Structure formats: C-alpha cells, structure tokens
Amino acid sequence: MRAATLKAVLDFDKQESRDFPGGSLEATLSQFRQSSGDVPGFWDTGEFLIGQISDDKLQYLTPLRFNTESQSVLTDMDSEKGKFLFLAVQGEQGVMIGLDYRGEKVLAGYAPVTGYGMGVTVKIDLAEVQAPFRDNIVHVGLIVVLLISIGAIAFNRITGPVIQQLVNSEAMLKDGQAVANMGNWEWNIIAGDITWSEQTYRIFGVSPNTFKPSYDAFLSTIHRDDRAKVNEALKASVNDPNVTYSTEHRLVRPDGEERLVQEWGKVHRNKNGMAIRMTGVTLDITELSNLDKHRKKLVAEQEGVFNLLSDPCFIINARGTILKVNVTAQELFGYSETEYLGNNISMLMPFETATQHDVYLSNYLKTGKAKVIGRSREVQALTKNGQMIDVRLSVSKIIYPGTNETVFIGFLHDITQEKKDAQQIRRIQRLESMSTVASGAAHDFNNLLGAIGGFSELIGLLGAENKKLTDYASKISAAVERGRRLTTQLLRFGKQKATNAELTDLVEFVATEMTMIRKAMAKGVAIELNAEESTLPVSMSKDEMGDALLNMCINSSHAMDGEGKISVTISKIIVDEADAERLQVEPGEFACLSLADNGNGISEDILEKIFEPYFTTKGEEGTGLGLSQVFGMVRRYEGSIVVESQKGAGSTFYIYLPLAHA
C-alpha cells in the first residue's frame with residue numbers, strides 16, 4: 001500500500017511540482033519526511049524507509065531514526081545490511097527477517113516503487129516484536145492492534161492531502177482530455193483486458209454500458225483497410241522492446257461515421273523482459289486532418305496560380321534571399337528552382353546593379369524611402385547563359401503567410417521583344433518618311449536633269465562644227481544619264497504605288513532565280529533552297545524581286561568573305577494583330593521568304609541604318625541604294641522586310657508578302 005501511495009505521489013509531483021526546489025522527487029520526499037516526523041511513538045524501533053541504488057550502493061532517501069549523525073547512509077550491494085530494501089529496489093516484495101543499516105535483526109516488509117527504481121520498507125527490531133511473548137502473551141493482540149492503528153494513522157497523515165490532490169488532478173485530467181479530444185487506455189496483455197478512459201469511449205462513439213473493450217472488440221472498430229496495419233504495429237511493439245507503438249488509422253463508429261486517430265503506446269515488461277501490459281493514448285485528429293487537407297488544397301491552388309503567371313515572379317526577404325520562384329522565372333532565366341532558392345536575387349543583375357541592391361533594401365527598411373517598391377521601371381536582367389535582357393520590374397512589400405516576416409514580391413515582364421518590335425516599327429516609319437522625301441526629291445531632280453539634258457542636246461546641235469563645244473555637250477549628256485539612273489533608284493526606294501505587278505508563284509519564281517544566282521556566286525558559296533509549300537501566289541514585279549534576291553545574295557557572299565552557306569526558305573504564315581503592328585502591315589496570310597547566311601553578322605548600330613539610302617559599309621565600292629530599293633519594293637507590294645543579326649553570328653532577312661487570292 002505504501003509503495004503504491006508513494007508511486008501515486010511521485011506521478012503527481014512529476015507533473016505538478018516540477019518547480020519545487022530540488023525537483024519533483026525532492027517535493028515527494030519532503031512530504032514523506034514531514035509525515036514521518038509527525039508520527040511520534042512509531043514503536044520504539046519502528047521505521048519507514050525509502051531507498052534507491054546510487055553508484056552500485058544502496059542510498060537511503062528518508063531520515064534514519066537511529067543514525068542522527070548522517071542522513072544519507074550508503075550500503076554496498078553485497079552487504080547483508082538492508083538487504084530487504086535492496087530486494088525492493090530490484091522489483092521484489094515480501095516480508096523477511098534481516099539486518100538493518102545498524103546490523104540489528106529486524107522484521108521488515110518491502111515492496112518496489114514501479115517505474116522509479118526505488119523501494120520502500122517498514123521494519124521493527126525483532127527484539128521488540130518478541131518482547132510481548134516473553135512478558136505476557138496477552139499483550140500480543142494489543143501490539144498487533146496498536147501496530148495496525150499506528151500504521152493507519154501514519155498512512156492517513158501522509159497520504160490524505162496527496163489523495164485529495166490526486167482526486168483534483170484526475171478531474172483536471174478528464175477535462176483536459178475532453179478539450180484535447182484525447183483519451184488514455186491500458187491493455188493487460190496477460191489477461192487480455194482493456195481499460196478505457198471516458199474520453200476514449202467518446203472518441204470511438206460507444207458507451208461503457210454497451211461496449212466492453214477487448215483486443216478483438218478494439219480491432220473490430222478499426223476501418224477494414226487499416227486493421228491489418230494496426231494489428232501488425234501492436235504485435236511488433238509487444239514482441240520487440242526496441243519498437244514503440246505509434247500509428248495513425250481510421251475507426252468506424254456504430255453510426256457509420258469515420259474518424260481519424262493517432263495512437264501511441266508503451267509496453268511494460270517484467271524483470272524477465274516479458275510484456276505484461278501496455279499503456280497509451282488515442283488522439284482524435286479528424287478535425288486537424290480536415291484543416292490540414294483544406295490548408296494543403298489552398299496552398300496547392302495558390303501554387304497553381306503562382307506558377308500559371310505568364311511573367312516571372314520572385315519572393316525575397318529583407319536580405320535579398322530568394323524564398324520562392326515560379327515556373328516562368330525558371331524558364332526565362334534558365335535556372336532551376338533549386339539553384340534559385342537560398343541565393344540572392346542579385347544573381348540576375350548586372351554587376352553594377354547587383355552591388356547596390358542589398359544596400360538599397362537595407363536603406364528602404366530603415367528610412368521607408370522607395371526607389372523601386374510600389375513602382376514600375378525598366379531594368380536589365382542577366383540570364384544563366386550570360387544574355388542581357390530588358391525587363392519591366394514591379395515590386396511590392398507583403399507579409400509572408402505563416403511567418404509574419406516582411407518580404408518583397410517582384411514581377412518581371414520581359415520587354416526584350418517589345419523593344420525590338422518598337423524599334424522595328426520606328427525603323428519602318430523612319431524609312432517610310434525618308435522614302436517620301438526621296439521620291440519628291442527624285443522627281444524634282446529628274447525634272448532638272450530633263451532640262452539640263454535638253455539644253456546639252458541643243459548645244460550639241462548648234463555647235464556641231466565646234467568640236468570642243470560638242471565634247472562639252474557630250475560629257476553633260478553622260479552626266480545627265482548617270483543622274484537619271486540615280487533618280488530611278490531613288491524613285492524605286494520612294495515609289496508609293498506598285499507598277500508592273502503581276503500574279504506570280506513565289507515558290508516557282510525563287511527556284512528559277514536561284515538557279516541563275518548560283519552561277520553568279522563565288523565557288524565557295526553554297527545556296528540551299530527549302531520550300532515548305534508547293535505554291536504561294538503573290539502580286540509583285542518579277543524584275544524587282546529578281547534584283548532584290550541577287551542584291552541580298554551578293555551582300556551575304558561578301559559577309560561570308562566568299563565562303564559559306566546561304567539558306568533560302570519559303571513558307572506560309574499567319575500574321576496576327578500583334579505581328580501586323582510590328583511589321584506595319586494588314587493582318588492575314590503571308591508568304592515569308594527568308595535568306596540566312598553564316599557570315600560575320602551585323603552590329604546593332606548598322607542595323608538601324610541598313611535600309612537607308614546611300615548608307616553603305618563597302619566604301620567606294622557601294623552605292624548604298626541596294627537594300628533601300630529592296631525595302632521600297634517590298635513596301636510597294638504591301639509587305640515588310642525585317643533583318644535579325646548578331647555580330648559574329650550571321651544574318652537573316654525576312655521578306656513578307658501578302659498572299660494573292662483569286
């Protein structure tokens with residue numbers, strides 16, 4: 001009884017007296033020491049002792065009545081002194097005659113305190129027990145009665161307050177289990193009985209009046225798909241001391257409702273290692289699981305939206321560390337998610353910008369002055385392969401869900417193509433303006449040349465007998481002819497209306513022209529023709545298109561220094577509204593003639609001027625009117641011409657002509 005009482009008090013103090021000076025164990029021992037002191041006359045030689053093993057010696061934890069000099073006697077384990085307390089600590093219980101710590105013979109009862117490595121004993125000197133028999137046998141009964149009475153008084157004084165605390169604690173435990181929706185249970189493995197707490201019955205949806213817990217009854221409540229898993233987990237923990245019972249499973253209540261529970265259990269074994277009982281708890285996690293599923297669904301939806309964004313999106317913290325990145329950002333910049341996360345956003349910035357980024361974030365958080373936050377601006381970004389692209393950056397400050405951390409979310413819109421398209425539109429519009437001016441100037445100049453030519457002929461006729469004058473007139477006429485050829489070229493660049501246009505199959509025409517152009521090329525230049533359509537009817541001038549193809553092939557040959565490959569491709573495309581704006585044409589079906597070389601390429605500054613009249617990179621050898629005439633010809637037939645090139649990576653010219661429909 002005393003061992004059980006001591007265990008109950010130890011269990012209680014372990015939870016409720018953790019802040020007691022010296023710990024919960026000292027709290028318990030202090031109560032028993034006080035109680036022992038409050039019971040004078042506990043026979044002349046009687047004592048109540050508590051002990052434990054310390055460094056292979058028996059240590060007494062309660063005051064020693066007959067050893068006032070030392071309150072903590074240590075006894076060797078192989079000593080006969082206090083052997084009954086050794087046995088109690090080792091898990092045995094009984095009554096015996098033995099030697100106490102003084103070496104006196106005593107009658108002692110002993111028992112273990114389960115789970116704490118401690119033992120208790122009540123002992124009395126054997127001489128005091130035998131004295132009544134020697135003096136008066138009648139006194140035996142009185143002594144026995146006195147022994148029981150004194151023991152009861154001591155027990156009540158020691159355990160009365162503790163029992164009341166335990167009663168209160170049990171009520172608190174029940175309330176706590178109800179609030180947490182957690183019940184406890186105990187399984188007597190030997191007898192097969194199972195004891196459930198009130199909350200455990202509630203979790204399983206059964207009544208103590210109608211449901212008797214047993215192993216088989218417990219298994220019958222488990223969802224059929226989880227039953228084998230639970231049975232195997234229980235058997236494993238019983239058979240293997242190193243396995244702890246822990247499992248999550250569904251149960252089915254009598255009304256058909258399914259609940260999800262988490263169970264933990266501890267197996268208790270005797271000194272031979274045999275499993276004798278299991279204690280554990282069952283936690284109903286149905287609502288938690290539903291909340292978790294809902295949370296995961298929301299997270300998945302948010303992730304889906306985040307990754308469906310057409311623009312790259314980044315979330316960074318105040319130090320610039322990337323916390324989250326969407327799929328578009330991975331595709332645009334060439335980094336994987338793993339390469340992004342944990343690195344600084346400056347990895348996407350040119351060196352000059354990267355060095356200032358962290359300083360800017362720090363200053364913003366300190367002063368609140370924003371240069372980028374809440375605004376939009378154009379910046380340059382760096383891809384993994386070192387390519388610089390133009391982006392429009394928008395940054396906002398948000399509170400990161402779940403952490404309350406201030407973070408920044410940034411959206412990047414790739415405007416590289418937009419800028420190229422805008423540049424192409426400006427280029428075409430500028431050339432259109434130039435062609436209008438050139439056309440007017442050519443007409444006026446042609447009129448002047450007509451007058452000059454007429455007067456030079458008149459001079460030649462009137463001065464026929466004057467050879468010197470005739471020579472002057474002849475030279476003037478030759479200059480006028482050269483001027484007329486020049487104005488003709490200018491008129492081709494600036495002419496607004498098509499002339500000599502006829503319905504032509506572009507595929508057949510280009511195939512024929514390339515046969516002749518191949519003969520005019522240097523031996524080291526190969527021309528490859530690929531037609532994706534069998535026929536593509538367009539309205540154009542064959543003479544002008546022939547001149548344009550020859551001019552572009554000669555330019556490509558020069559760019560390749562007379563050795564390389566020219567790839568000519570003819571295809572059919574659909575020009576939508578966006579492309580139509582970029583090309584400055586009407587939307588619809590177009591024939592696309594592309595001519596690509598693997599030459600030296602064209603620098604950005606030259607690309608801006610390549611179609612302008614009189615612009616040439618050939619010095620004295622070039623007139624600067626070849627490509628300007630090609631541009632004029634294409635525009636006259638309501639088409640467009642575009643060139644793409646990088647220095648050292650070749651060039652590709654694209655001619656777009658609207659398909660002609662009968």
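Residues numbered from 1 in each chain as written. Predicted model: local features only at pLDDT ≥ 70, side-chain atom pairs only at ≥ 80, totals over all residues. Heavy atoms only, no water.

Visitor: Where do I start with the environment of Pro312 in this structure?
Guide: With respect to the helices and strands, the residue Pro312 is situated in the loop between α9 (286-308) and β12 (313-316). Relative accessible area serves as the criterion here: at 2%, Pro312 is assigned to the buried category. Along the primary structure Pro312 and Leu412 are separated by 100 residues, whereas in three dimensions their C-alpha atoms are 5.3 Å apart. Apart from the residues within four sequence positions on either side, Pro312 is in contact with Asn326, Thr328, Ala329, Leu332, Phe333, Gly410, Phe411 and Leu412. (Helix = DSSP H or I, 4+ residues; strand = E, 2+ residues; numbered from the N terminus. Buried < 20%, exposed > 50% of the residue type's maximum accessible area, 1.4 Å probe, protein only. Contact = heavy atoms within 4.5 Å.)

Visitor: Help me understand the sheet that holds strand β18 (residues 524-531), please; the structure alone is not making it clear to me.
Guide: To summarise the sheet geometry, strands pair through backbone hydrogen bonds and adopt either a parallel or an antiparallel arrangement. What the five strands build is an open sheet, ordered β18-β20-β21-β23-β22; its pairing is mixed. The sheet is open, and its two edges are formed by β18 and β22 (640-645), each paired on a single side. Direction aside, neighbouring strands of the sheet carry axes that sit 15 degrees apart on average. Inspection of the sheet shows β22 paired to strand β23 (residues 651-658) by six bridges, in the antiparallel sense. Bridge pairing links Val643 to Phe653 in β23. Of the strands in this sheet, β18, β20 (563-575) and β21 (588-597) touch helix α15 (residues 506-520), which is tilted by about 170 degrees from β18. Its contacts with the sheet place helix α16 (residues 542-559) against β18, β20, β21 and β23, and it is angled at close to 35 degrees to β21. (Pairing = 2+ DSSP bridges. Axes fitted to C-alpha atoms, helices over the stretch in contact; angles between N-to-C directions.)

Visitor: Mind showing me how you'd approach empty space enclosed by the protein here?
Guide: Unoccupied space between atoms shows up once a probe the size of one water molecule is rolled over them. Applying the stated rule across the entire model yields one cavity of 30 Å³ or more. Its boundaries defined by the atoms lining it, the largest cavity holds a volume of some 110 Å³. If you trace the largest cavity, you find it lined by Trp185, Trp187, Ile194, Trp196, Thr200, Phe204, Tyr215, Phe218, Leu234, Tyr245, Glu263 and Thr282. Broken down by secondary-structure element, the contributors of at least two residues to the lining of the largest cavity are β7 (182-188), β8 (194-196), α6 (198-204) and α7 (215-221). For the lining of the largest cavity, the class distribution of residues is nine nonpolar, two polar and one charged. (1 Å grid on protein atoms, 1.4 Å probe; cavity = no way out; pocket = protein on both sides within 12 Å on 5 of 7 lines; lining within 4 Å. Points joined across faces, edges and corners; volume = space filled by probe spheres on them. Nonpolar A, V, L, I, M, F, W, Y, C, P; charged D, E, K, R; others polar.)

Visitor: Please clarify how the pattern of salt bridges should be interpreted in this entry.
Guide: Side chains that carry opposite charge are capable of pairing whenever their charged atoms lie near each other. In this structure the tally under the stated criterion is 18 salt bridges. Linking Asp100 and Arg102 is a salt bridge whose minimum nitrogen-to-oxygen distance equals 2.8 Å. Note on Arg102: relative accessible area 28%, which makes it partly exposed. The shortest N-O distance in the salt bridge between Glu378 and Arg392 comes to 3.9 Å. In this pair, Glu378 is assigned in strand β14 (residues 376-382) and Arg392 in strand β15 (residues 388-400), connecting sequence segments 14 residues apart. Overall, the relative accessible area of 30% leaves Arg392 in the partly exposed class. Salt bridges sharing partners connect three or more residues here, namely Glu47, Asp100, Arg102, Lys123 and Asp125. (Salt bridge = Lys/Arg side-chain N within 4 Å of Asp/Glu carboxyl O.)

Visitor: Please explain α16 as it appears in this structure.
Guide: One turn of the α-helix equals 3.6 residues, which is why residues spaced by three or four share an orientation. With 18 residues, α16 should cover 26 Å at 1.5 Å per step; its first-to-last C-alpha distance of 26 Å lies within 8% of that length. Along α16, the positions that sit buried rather than exposed are Glu544, Met545, Gly546, Ala548, Leu549, Met552, Cys553, Ser556 and Ser557. Asp561 sits one or two positions beyond α16 and adopts a positive phi of about 55 degrees. (Expected span 1.5 Å × (residues − 1).)

Visitor: I'm lost on the packing of aromatic side chains in this one. Help?
Guide: Two numbers describe a pair of aromatic rings. These are the distance of the centres and the angle of the planes. Taken as a whole, this structure holds eleven aromatic pairs when the rule is applied. Three or more aromatic residues link up through ring pairs in this structure, and these residues are Trp196, Tyr201, Phe204, Phe211 and Phe218. (Phe/Tyr/Trp six-rings, centres within 6.5 Å; stacked < 30°, edge-to-face > 60°.)

Visitor: Is there a simple way to think about helix α8 (residues 227-239) in this case?
Guide: If you check α8, its first and last C-alpha atoms are 18 Å apart, about what 13 residues at 1.5 Å a residue would give, namely 18 Å. Taken together, the buried positions of α8 are Val230, Asn231, Ala233, Leu234, Ser237 and Val238. The arc that holds every buried residue of α8, seen down its axis, measures 160 degrees, which confines them to one face. Opposite the buried face of α8, at more than 90 degrees from it, the exposed residues are Glu232 and Asn239. In this structure, the buried side of α8 is in contact with β7, α7, β9 (245-252), β10 (258-269) and β11 (275-284). (Arc of directions from axis to C-beta.)

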